[in-house]
Amino acid sequence: MSIEIAGVSKRFGEFVALDDVSVSIPSGRLTALLGPSGGGKSTLLRIIAGLERSDSGRVEIEGIDATDLPPQRRNVGFVFQHYAAFKHMSVRRNVAFGLEIRKRPKHEVAARVDELLKLVHLEQFGDRLPAQLSGGQRQRMALARALAVRPTVLLLDEPFGALDAKVRKELRDWLRRLHDEVHVTTVFVTHDQEEALEVADEIVVINEGRVEQIGSPDDLYDRPANDFVMRFLGPVTQLGDQSVRPHDLRISTGAAGRDDVTGRVARITRIGFEIRVEVATVAGQTVVVTVTRNEFLASGIDVGATVHLRIAPGSPTTAAVTGRPSVLEDLATTAR
């Protein structure tokens with residue numbers, strides 16, 4: 001049930017949506033296509049589904065060349081951001097729709113629908129219309145409908161984008177548990193970094209039609225391939241000429257070390273359990289340091305205090321940014 005995408009390109013007029021994209025999506029994994037709006041991730045998902053045709057390249061699903069296959073022959077389930085429900089049909093009929101048009105026996109359809117409604121915790125709402133459900137319930141109904149035909153691949157296009165933050169969080173947890181139960185190869189599009197880091201087994205970062213990096217959430221967060229990935233996948237501040245995560249900085253009021261950067265505390269902001277300390281350095285930079293509430297209380301730091309900053313020893317962020325060439329440096333080395 002793996003997906004192989006090789007050399008896929010797609011243009012819309014003068015706009016390059018995808019530029020020679022190659023990605024291997026492992027069987028049975030939950031993979032996120034992550035990137036900014038307009039970066040090409042939804043276009044890639046639609047090409048996998050057969051809803052768009054690429055200008056060049058190849059798509060294989062389960063080892064079969066699906067490049068020229070119509071959507072109905074690819075055996076993929078697709079869930080859109082806005083549910084695409086049949087408003088005049090009950091929840092049960094919505095879930096059954098794909099099986100009914102495939103002329104499956106009525107007893108088989110009824111059993112499969114019962115199974116799925118129970119799986120997505122909607123068994124008590126089978127006779128309601130979609131308009132009588134909450135946004136989160138409608139999205140779970142859409143997922144059940146996509147799973148009804150037993151797809152080899154499940155594709156989700158910003159599935160929680162239209163929901164409020166609390167419901168999105170609940171559905172992220174639920175999707176992860178659901179995937180662990182059904183084990184279908186799943187690809188979902190998101191521009192929400194937290195969503196990708198929390199839910200996915202593997203993340204493909206796409207920007208301006210190109211793949212920036214592929215890896216596990218830990219790989220991408222701790223060992224970003226370039227400055228774009230680092231900045232897109234979490235908070236970043238600048239210390240001298242180095243990009244660094246605020247929680248990888250150490251702040252002290254004692255004697256300055258040889259490599260420390262000295263500055264004065266300009267602002268302190270508490271956000272829940274986090275304390276953000278803004279430091280104006282002698283070089284004119286504003287550096288943000290993140291510490292826990294307990295660390296902050298123990299430090300005795302206050303606005304106006306002179307402090308010293310250093311990057312934590314062995315910080316993976318330091319190694320990723322300072323010990324690894326950027327994509328541009330790689331290209332320059334190759335050219336030489």
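- In the annotation of an unreviewed UniProt entry, the chain is listed under the name TOBE-like domain-containing protein and assigned to Dactylosporangium roseum.

1. Here's the deal with the overall build of the chain
- Each helix and strand in the chain was counted, giving eleven helices and 17 strands.
- Looking at the chain as a whole, 44% of its 336 residues qualify as buried.
- Counting only contacts in the chain whose residues sit at least 6 apart along the sequence, the fraction spanning at least 24 positions is 63%.
- If you sum the accessible surface of the chain, you get close to 16,700 Å²; carbon and sulfur atoms cover 51% of it.

2. Notes on helix H1 (residues 41–49)
- Across the nine residues that make up H1, a large majority, seven, are buried.
- Among the residues of H1, those classed as buried are Lys41, Thr43, Leu44, Leu45, Ile47, Ile48 and Ala49.
- At the exit of H1 stands Gly50, carrying a positive phi of roughly 90°.

3. A closer look at the nonpolar core
- Judged by nonpolar contacts, the single largest core of 43 residues is most densely connected at Val79, Val95, Leu154, Leu156, Trp174, Phe188 and Ile203.
- Sort the elements by how many residues they give to this core and helix H4 (residues 135–147) lands first, with six residues.
- Filtering out sequence-adjacent residues up to four positions away, Val79 remains in contact with Gln139, Ala142, Leu143, Ala146, Leu154, Leu155, Leu156 and Asp157.
- Ile5, Ile25, Leu33 and Val204 belong to the second-largest nonpolar core, a separate cluster that totals 24 residues.

4. Looking at H4
- Its 13 residues give H4 an end-to-end C-alpha distance of 19 Å, which sits within 8% of 18 Å, the value for a rise of 1.5 Å per residue.
- Buried residues of H4: Gly135, Gly136, Gln137, Gln139, Arg140, Met141, Ala142, Leu143, Ala144, Arg145, Ala146 and Leu147, and no others.
- Against strand S6 (76–79), helix H2 (91–101), helix H3 (106–119), strand S7 (153–157) and helix H5 (165–182) lie the buried residues of H4.

5. Observations concerning the pairing of S6
- Of the two faces of S6, both are covered, the one formed by Val76 and Phe78 as well as the one formed by Gly77 and Val79.
- Summarising the sheet, S6 and S7 pair through four bridges and their orientation is parallel. Bridged to Phe78 within S7 is Leu155.

6. Remarks on the pattern of salt bridges
- Tallied over the entire structure, the rule returns 22 salt bridges.
- Its salt-bridge partner being Arg231, residue Asp227 comes within 2.7 Å of it at the nearest N-O pair. With Asp227 and Arg231 both in helix H8 (residues 227–232) and four residues apart, the pair spans about one turn of that helix.
- Classification of Arg231 by relative accessible area gives partly exposed; the value is 41%.

7. Description of unusual backbone geometry
- Positive phi, normally seen in glycine, also occurs at Glu62, with a value near 55°.
- Structurally, Glu62 is set in the loop between strand S4 (56–61) and strand S5 (64–65).
- For Glu62, a relative accessible area of 42% gives the class partly exposed.
- Positive phi values are uncommon outside glycine, yet His183 reaches one of about 55°.
- Structurally, His183 is set in the loop between H5 and strand S8 (185–190).

8. Some details on the sheet that holds strand S16 (residues 286–292)
- The antiparallel open sheet is built from five strands, whose spatial order is S13-S17-S14-S15-S16. The sheet terminates laterally at strand S13 (249–252) and S16, the two strands that pair on one side only. Ignoring which end each strand starts from, the neighbouring axes of this sheet average 45° apart.
- Where strand S14 (residues 261–271) and strand S17 (residues 306–311) come together, four bridges link them in antiparallel fashion. Paired with Gly263 across the two strands is Val307, which belongs to S17.

9. Some points on the side chain of Glu158
- Relative to the helices and strands, Glu158 is located in the loop between S7 and H5.
- Polar contacts involving the side chain of Glu158 include one to the side chain of His191, which spans 3.1 Å.

Quick notes on the rules
Residues numbered from 1 in each chain as written. Predicted model: local features only at pLDDT ≥ 70, side-chain atom pairs only at ≥ 80, totals over all residues. Heavy atoms only, no water. Helix = DSSP H or I, 4+ residues; strand = E, 2+ residues; numbered from the N terminus. Buried < 20%, exposed > 50% of the residue type's maximum accessible area, 1.4 Å probe, protein only. Contact = heavy atoms within 4.5 Å. Areas by Shrake-Rupley, 256 points an atom, 1.4 Å probe, with all protein chains shown as cover. Core = buried A, V, L, I, M, F, W, Y, C linked by side-chain atoms within 4.5 Å. Expected span 1.5 Å × (residues − 1). Pairing = 2+ DSSP bridges. Salt bridge = Lys/Arg side-chain N within 4 Å of Asp/Glu carboxyl O. Axes fitted to C-alpha atoms, helices over the stretch in contact; angles between N-to-C directions. Polar contact = N/O pair within 3.5 Å; in protein donor to acceptor, adjacent residues only side chain to side chain.

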